[in-house]
Protein chains: 2
Amino acid sequence: MKNCKNYIVTFQPTNEEIEIPAGTPLKKAMDIAGLNFDYPCGGRGRCGKCRLQVRKGSAPPSESDYDHLDQEEIDSGWRLACTIKVEDDLVVELPSSDSKEHKILVDAAEREMKLKPHLRKIYRELPRPSIEDQRPDWERLRSALGDNNLRISLPALRRLPGALREKKFSCTAVLSGNEVWGVEAGDSEDRMLGIAFDIGTTTVVGYLMDLLTGKQLGVSSSINPQTKYGADVISRITYAGQETGGLERLQKVIIEAMNRIIEEAVSGAGYEKEDVYAVSVVGNSCMHHLFMGLDPKHIALAPYVPVTGSPQDVEASALGLEINPAGRVFVLPNIAGFVGADTVGVILATELDQSSEIRLAIDIGTNGEMVLGTRDRLLACSTAAGPAFEGAQISCGMRGTRGAIDSVRLGEDIVYTTIGDEKPKGICGSGLIDAIAVLLKAGIIDYRGKIQSSEQLSATRGERFAGRVMKHEGSTSFLLAPAEETAHGKPLFITQRDVRELQLAKGAIAAGVDILLSEYGIVPEDVFEVMLAGAFGNYLDKSSACAIGLIPACLEDRVKPVGNAAGTGSKAALLSVGEYRRTGLITDFVEYKELAAHSKFTEIFGKALYFPKQKKCM
Amino acid sequence: MKNCKNYIVTFQPTNEEIEIPAGTPLKKAMDIAGLNFDYPCGGRGRCGKCRLQVRKGSAPPSESDYDHLDQEEIDSGWRLACTIKVEDDLVVELPSSDSKEHKILVDAAEREMKLKPHLRKIYRELPRPSIEDQRPDWERLRSALGDNNLRISLPALRRLPGALREKKFSCTAVLSGNEVWGVEAGDSEDRMLGIAFDIGTTTVVGYLMDLLTGKQLGVSSSINPQTKYGADVISRITYAGQETGGLERLQKVIIEAMNRIIEEAVSGAGYEKEDVYAVSVVGNSCMHHLFMGLDPKHIALAPYVPVTGSPQDVEASALGLEINPAGRVFVLPNIAGFVGADTVGVILATELDQSSEIRLAIDIGTNGEMVLGTRDRLLACSTAAGPAFEGAQISCGMRGTRGAIDSVRLGEDIVYTTIGDEKPKGICGSGLIDAIAVLLKAGIIDYRGKIQSSEQLSATRGERFAGRVMKHEGSTSFLLAPAEETAHGKPLFITQRDVRELQLAKGAIAAGVDILLSEYGIVPEDVFEVMLAGAFGNYLDKSSACAIGLIPACLEDRVKPVGNAAGTGSKAALLSVGEYRRTGLITDFVEYKELAAHSKFTEIFGKALYFPKQKKCM
């Protein structure tokens, strides 16, 4: 070898060097150097995909280079790796080893992460069969994919002979793990979408994501059609258990709704259902079970155990989801019967499990799920807030739609705003919290929640509102909007009973927070940040929330709404294998605290029903 | 530690020793020693399954020992491992580590192998959920199974909550690899059956096997109902390709037939379909494809490639096979378009791939598949023998059923026997080969296959049969049985055309053997053994087979029928994970020789049409 001319090739960006005899194909040099470089057409100069840039040294362009590259590219040193023969010392720059692994932003919680989809597509041009090469179709593809340990699913095997022969044995394999789940004719490497679902008890949202770029391409949502079989989780569990075929029916209607969302989202973005290869799903434990066809009965019965607390991936076809036949579904795990995959989504989105500071995340709904802690320890609990925050059980309550009073402030008089700036029809959760905070501040209700009589008020600072306190349907009530201001010509009251309902709801949340803090062995001031997840958390006025004691008053400045964090978690699990796998670690890591089992729950809840006497913590 | 009393425990049969402080639970000692011992109830002394024998030293029996063992057992040192506390130097004998791995005999080829089923059952008594232990059902089971890397299938997950609660959280998990495919209430560890199928073009056979003992419990068979869509492989491939829904129909009818066989076999043996957990399948490439719903078109078109040449395991439910819902199907791989999984079964059964001597296996049917070689090199080919050996295309030919002439000998006159000792109705393959051999021996047909005229015969040793040679339907024929001897009162002839048909069939086989030998670079005498697989091989008279040149004459004493070796291979793959996996290696290892591509095929085939002039090899 000494008397042959040798050359040195340096590979960027790793600066690996290799010395090889003159005339060695660069492809061979890279093989020897152990560089894993991709030659879809087998290095025959045909596909034009093995591009790299020669930074230093001479590598005259080949015919294939002229076929696949334009003059400008050739002038700046771009070549096809497969046609280079080394006749000079070269410095070549390889394209970044996995260009799909760049960081992306997922909205709301502004979560940065590495894009690493569950499925990968690999395009290959296979040698065509001949009497000299009679390998079966699968072995032909497997060998082109370069991994003898690969397996293939039966549905993919069934499509294989047709797909191979449609475009002259050029095809794209769709893989997950070491299994080929799909085979498509020709080159479809540039198309791979996914949909991240957030199945709420009331609303289902699907985010259409480009799995190759991480970009959101659209969003669609609909009412959860299970609503007609029961408005809340418990009534659906009852329906599933007591009606013949109840579970199957509930599953069928949610799948149908998801299929409509898929259809709407992809057609809205100019794609086809077949372009969707992955679906991720979060939801509370009950929604999770009904979606997967798991019996939710034991969620509702003591000791409240779900069927599974592990991430579960299944073929989309097994669930009836109409996406690409190779498509897979990634379902996030539950922590407990009442702390579901949606909470895991919140943890994933907010990275609570990686936090060096103590943080508290609260997702307020009919149930309030909350998670407290750091990367060293996380506690979670769920508390039955009841429907008051969603406007139900409140005399003039309504959902946060047009005409709902959504904020109330104390000026000269009571000042409110409505959604859509329309005449008020009722009051929604955030408006109610504001209203109660205002009434507290004005001294119209005392710390026990009692609406003062107009006589009591005349004697105090609440005097100017005394005229608004009156009997309504037999109980002392506060007139929020007189008949002439409202859309329907009827007055809107906050009744004594409404105040009690709110006390129960906020007391439940506050008691949960209180118990988590004490189990953690800290006081409210030790909490670095309070993250409010979900739509309600977004609209909630943090000052009012603290005023009524929903959140410890000393934390007012540390409250941050984090949007639909459950949905963001779903997106993260869809876009990244690593994030999805982390959900399994999260459920193992989080300590679930059963409030019902807590010895002092009743006492703490009883105290939490009161409103704070003063704004600051002790 | 030095001043505590320590004891030494020696574990038999491995003689592992461990020194531990007095009072250490034996369970802990075994954990420390890294011994993988099974405590179904978690070591609570409840299930009585963790038995071992104390050979030396004192270990007073516990209360649990008295609950679960009889006095004789206790006297001979049997104890439950979980209740022993070490208070003496002990020698304990562990039950053999995997008692299921004993050797078993599989019939016909008398194949010895280790029993190691694809699925395993593990019984466990789980702690019941409580407010202190709210683990979800799956995590509870997974932890009892002691492997955090286990996965569970969606159908098993759906059955899990019901199965756990049916028998107080005692259950049996059905696993394959690291996935739980089924969960059953209570202890069903003692029941696990499988069915080994051999799907022939004409007949489907199912062998019911006990997966825990390796014993055959029954066998059922039926006509392959695909026959009504085409008698042979090519006509079924045509039907599948040209009729709308043809492939689906052919798949449906074979699955239905297999379901009837399953039903018949299990009910005949006193079991239920749910006791069947595994199915193995062999068949020629076309039967393989139709069973799996794979398009067989390219098997029939040059260059004759199957869709897959790898073993494929799938859920039984994905194919519509009605066995236990956790059941799996293990389909053996094809070698080439015309050397299918049945041939792989033959290789597995005969252990050709492990042979130190050169062996030749031939499976004679419409196609003759043959494999030649040793553990160092194996060659395979397929040759189109046509239907003559099955009695088709022969003037008085019939299948080997009652009334068929199945052997012919030369005595004073022509002597024949029939199946069932009835009056003859026709002649089957083995009878035809005998008859031709007799006619050759008697000089009635010459080495070119020409039936001598009665005039020629009168002048030779064939004289005494001259009266049997006559014109029949315009061609010279030999009267095998006169009208008065036959069941239907019509005479049975061997016509000149029949001889030609047989020459084509035997020539095809002989040419295949000839080419394999020459590709291997050996002469017939180098072959140590000729194994004849399949029913035809069983009935064939080896002397006749050599006389007509079907098999080289010098190998007559080395011919051995090996029964339904394909079926035996199917059983082996069913009973042993290792044997099933070996099939993948076999297809990689075997070199397939395409006869159509062989430059001298026509010449060799042409020569092989002749009958041997003399009985011995050159």
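Some points on the overall build of chain A
Then step 1. When its secondary structure is counted, chain A shows 19 helices and 29 strands.
Then step 2. Judged by the C-alpha coordinates and their principal axes, chain A covers about 110 × 55 × 50 Å.
Then step 3. By the burial criterion, 49% of the 618 residues in chain A qualify as buried.
Then step 4. Considering only contacts within chain A whose residues lie at least 6 apart along the sequence, 64% involve residues at least 24 apart.

Some details on the sheet that holds strand β24 (residues 469-472) of chain B
Residues and elements named next belong to chain B.
Then step 1. Spatially, three strands are ordered β24-β25-β26 in an open sheet, and the strand pairing comes out antiparallel. Edge positions in the open sheet fall to β24 and β26 (492-495), since each of these has one partner strand only. Neighbour-to-neighbour, the strand axes of this sheet turn through a mean angle of 50°, independent of strand direction.
Then step 2. Pairing analysis gives four bridges linking β24 to strand β25 (residues 475-481), with the strands arranged antiparallel. Across the sheet, residue Met 470 finds its bridge partner in β25, namely Ser 477.
Then step 3. The strands touched by helix α14 (residues 496-520) within the sheet are β25 and β26, with β26 carrying the most contacts at an inclination of about 60°.

Comments concerning the environment of B:Lys607
Then step 1. Position of B:Lys607 relative to the elements: it lies in helix α19 (residues 601-608).
Then step 2. Taking C-alpha positions, B:Lys607 is 9.9 Å from B:Arg448, a pair spaced 159 residues apart along the chain.

Comments concerning the interface of chain A and chain B
Then step 1. Taken residue by residue, the interface counts 37 residues in chain A and 37 residues in chain B.
Then step 2. Elements that contribute at least two residues to the side of chain A that touches chain B include exactly α4 (137-145), α5 (154-166) and β16 (312-315) of chain A.
Then step 3. Class assignment of the residues belonging to the side of chain A that touches chain B gives a composition of 21 nonpolar, ten polar and six charged.

Regarding the pairing of strand β13 (residues 203-210) of chain A
Residues and elements named next belong to chain A.
Then step 1. Pairing of strand β12 (residues 193-199) with β13, which is carried by seven bridges, proceeds in the antiparallel orientation. Looking across to β13, one finds that Asp 198 is bridged to Val 205.
Then step 2. Here β13 pairs with strand β14 (residues 216-223) via seven bridges, running antiparallel. Opposite Gly 206, over in β14, you have Ser 220 as the bridge partner.

Here's the deal with the sheet that holds strand β28 (residues 559-561) of chain A
Residues and elements named next belong to chain A.
Then step 1. An order of β28-β27-β18-β19-β20-β29 is seen for the six strands of this open sheet, with the pairing classed as mixed. This sheet does not close on itself; its edge strands, each paired only once, are β28 and β29 (591-592).
Then step 2. Note: strand β18 (residues 359-364) against strand β19 (residues 367-374), six bridges, orientation antiparallel. Within the sheet, the bridge partner assigned to Ala 361 lies in β19 and is Val 371.
Then step 3. Where helix α14 (residues 496-520) meets the sheet, its contacts fall on β18, β19 and β20 (377-384), and the angle it forms with β20 comes to roughly 155°.

Some thoughts on the relation of the copies chain A and chain B
Then step 1. The transform that puts chain A on chain B rotates by 180° and translates by 0.1 Å along the axis, for an RMSD of 0.4 Å. Considering both components of the superposition, the chain copies are consistent with a two-fold axis. When each C-alpha of chain A is compared by its distance to the rotation axis, A:Ala318 comes out closest, at 5.0 Å.

Concerning helix α17 (residues 565-575) of chain B
Then step 1. Taking burial as the measure, the eleven residues of α17(B) include eleven buried ones, the bulk of the element.
Then step 2. Buried within α17(B) are the following residues: B:Ala565, B:Ala566, B:Gly567, B:Thr568, B:Gly569, B:Ser570, B:Lys571, B:Ala572, B:Ala573, B:Leu574 and B:Leu575.

Structural notes on the domain arrangement of chain A
Then step 1. Per the domain assignment, the segments making up chain A are domain 1 (6-93), domain 2 (118-185), domain 3 (193-342), domain 4 (353-387 + 503-608) and domain 5 (391-501).
Then step 2. Each of domain 1 of chain A and domain 2 of chain A has a C-alpha centre, and the two are 27 Å apart.

Considering the environment of A:Glu256
Residues and elements named next belong to chain A.
Then step 1. Position of Glu 256 among the secondary structure elements: in helix α7 (residues 246-268).
Then step 2. The exposure class assigned to Glu 256 is partly exposed, which follows from the 13 C-beta atoms found within 10 Å.
Then step 3. The spatial distance from the C-alpha of Glu 256 to the C-alpha of Asn 564 is 23 Å, given a sequence separation of 308 residues.

Comments concerning the packing of α14(B) against α19(B)
Residue and element names in this part refer to chain B.
Then step 1. It is the contact of α14 with α19, at a shortest axis distance of 8 Å, that shows an interaxial angle of 125°. Relative to α19, the element α14 lies oblique. Viewed along their axes, α14 and α19 form a crossing whose handedness is right-handed. Residue-level contacts link Gly 507, Ala 508, Ala 510, Ala 511, Asp 514 and Ile 515 of α14 to Phe 601, Ile 604, Phe 605 and Ala 608 of α19.
Then step 2. Here the residues of the contact of α14 with α19 are counted per class, giving eight nonpolar, one polar and one charged.

Concerning unusual backbone geometry
All names here are of chain A.
Then step 1. Here Ala 302 and Pro 303 are connected by a cis peptide whose omega angle stands at 0°.
Then step 2. For Pro 303, the position within the fold is in the loop between α9 (297-300) and β16.
Then step 3. Its identity as a non-glycine residue notwithstanding, Lys 168 has a phi of 55°, on the positive side.
Then step 4. Mapped onto the elements, Lys 168 comes out in the loop between α5 and β10 (170-176).

Quick word on the environment of A:Glu132
Then step 1. Locating A:Glu132 in the fold gives a position in the loop between β8 (119-125) and α4.
Then step 2. For A:Glu132 and A:Ile347, which are 215 residues apart along the polypeptide, the C-alpha to C-alpha distance reads 57 Å.

Here's the deal with the nonpolar core
Then step 1. A:Ile427 and B:Ile427 are the most contacted members of the largest nonpolar core, which has 318 residues in total.
Then step 2. Residues contacting A:Ile427, with those up to four places away along its chain left out, are A:Gly391, A:Ile394, A:Cys396, A:Gly397, A:Met398, A:Ala404, A:Ile405, A:Leu432, A:Ala435, A:Leu480 and A:Leu492.

Digging into the pairing of strand β18 (residues 359-364) of chain B
Residues and elements named next belong to chain B.
Then step 1. When you tally the buried positions in β18, you get six out of six residues, the bulk of the element.
Then step 2. Side chains Arg 359, Ala 361 and Asp 363 project from β18 onto one buried face, and the interleaved Leu 360, Ile 362 and Ile 364 project onto a second face that is buried too.
Then step 3. Where β18 hands over to strand β19 (residues 367-373), the hairpin turn is made up of two residues, counted between the paired strands.

Criteria and thresholds
- Residues numbered from 1 in each chain as written.
- Chains lettered and ligands numbered in written order.
- Predicted model: local features only at pLDDT ≥ 70, side-chain atom pairs only at ≥ 80, totals over all residues.
- Helix = DSSP H or I, 4+ residues; strand = E, 2+ residues; numbered from the N terminus.
- Buried ≥ 20, exposed ≤ 12 C-beta atoms within 10 Å, placed from the backbone.
- Contact = placed C-beta atoms within 7 Å.
- Pairing = 2+ DSSP bridges.
- Axes fitted to C-alpha atoms, helices over the stretch in contact; angles between N-to-C directions.
- Nonpolar A, V, L, I, M, F, W, Y, C, P; charged D, E, K, R; others polar.
- Least-squares fit on C-alpha atoms with pLDDT ≥ 70 in both.
- Domains from an automatic or database assignment.
- Parallel < 35°, antiparallel > 145°, perpendicular 65-115°, else oblique.
- Left-handed = near helix turned anticlockwise from the far one by under 90°.
- Core = buried A, V, L, I, M, F, W, Y, C linked by C-beta atoms within 7 Å.

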